[in-house]
Amino acid sequence: MTPEPADILADDPAARWRATPLGTRRDPFTGYREREEHRFVAPGEADRPGRRMTAPPVHALVTAYDAHALRGIAWSDGTPIARADVSVDDGRWQPAELEPGTGRWGLTRWHVPWSPGPGTHDVAVRATDAAGRTQPERPAPNLGGFADHAVHRVTLRVD
């Protein structure tokens with residue numbers, strides 16, 4: 001006898017959450033971590049409550065590479081991504097080609113041609129949105145280490 005999906009969910013406590021319908025909220029979520037811990041507190045403000053964290057305005061990451069291209073993703077707070085720029089081994093910033101975005105809140109994929117030689121390569125990527133906001137070179141100082149949306153840097157090894 002094959003069990004029905006409802007029987008499987010009833011016997012599997014770890015799977016029960018999947019049976020719960022998802023909903024939306026019109027008001028901000030006020031769970032403990034969002035209300036108490038995830039706060040942006042600048043140095044010298046430890047005795048203050050800080051500011052509520054919001055989504056980083058613009059961000060890009062390197063996600064893959066091969067012998068022909070560097071690839072990644074960029075996103076924002078809902079403002080379209082206007083460009084992504086890549087620097088290899090502290091060279092000049094070069095524009096990446098953007099693929100069409102997947103919607104206001106979706107990821108924008110980018111790629112740039114790359115013909116690496118063997119060895120290690122330091123790669124940096126930064127995004128700029130349609131409002132002109134670009135990822136900063138360094139994160140803003142804050143006590144919790146939150147809100148780090150600075151230029152993404154990785155070291156890649158090519159054999």
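A few points on the structure. These figures come from a predicted structure and were not determined experimentally. (Residues numbered from 1 in each chain as written. Predicted model: local features only at pLDDT ≥ 70, side-chain atom pairs only at ≥ 80, totals over all residues. Heavy atoms only, no water.)

Glancing now at the nonpolar core. Leu-70, Val-86, Trp-110 and Val-123 are the most contacted members of the largest nonpolar core, which totals 18 residues. Those elements that provide at least two residues to this core are strand E3 (58–65), strand E4 (69–76), strand E5 (81–88), strand E8 (108–113), strand E9 (119–129) and strand E10 (152–158). In terms of residue count, E5 provides more of this core than any other element does, four residues in total. Apart from residues no more than four positions distant in its own chain, Leu-70 is found in contact with Ala-64, Tyr-65, Val-86, Val-88, Trp-110, His-111, Val-112, Trp-114, Val-123 and Leu-156. (Core = buried A, V, L, I, M, F, W, Y, C linked by side-chain atoms within 4.5 Å. Buried < 20%, exposed > 50% of the residue type's maximum accessible area, 1.4 Å probe, protein only. Helix = DSSP H or I, 4+ residues; strand = E, 2+ residues; numbered from the N terminus. Contact = heavy atoms within 4.5 Å.)

On to the environment of Asp-85. Turning to its location among the elements, Asp-85 is positioned in strand E5. With relative accessibility at 4%, the residue Asp-85 sits in the buried group. Placed 40 residues apart in sequence, Asp-85 and Val-125 show a C-alpha to C-alpha distance of 5.6 Å. Setting aside its immediate chain neighbours within four residues, Asp-85 contacts Trp-93, Gln-94, Pro-95, Ala-124, Val-125 and Arg-126. At 2.6 Å, the side chain of Asp-85 and the side chain of Arg-83 are in polar contact. (Polar contact = N/O pair within 3.5 Å; in protein donor to acceptor, adjacent residues only side chain to side chain.)

What follows deals with the packing of aromatic side chains. Here the structure, examined in full by the defined rule, presents one aromatic pair. Taking the centre distance of 5.7 Å and the plane angle of 70° together, the rings of Tyr-65 and Trp-114 count as edge-to-face. Residue Tyr-65 is found in strand E3, and its partner Trp-114 is found in the loop between E8 and E9; the two are separated by 49 residues along the sequence. (Phe/Tyr/Trp six-rings, centres within 6.5 Å; stacked < 30°, edge-to-face > 60°.)

Turning our attention to the environment of Trp-110. Along the chain, Trp-110 falls in strand E8. In this structure the side chain of Trp-110 is engaged in a polar contact, spanning 3.4 Å, whose partner is the backbone oxygen of Leu-61. At a separation of 3.3 Å, a polar atom in the side chain of Trp-110 contacts the main-chain carbonyl oxygen of Ile-73.

Shape is all these values report; function is a separate question.
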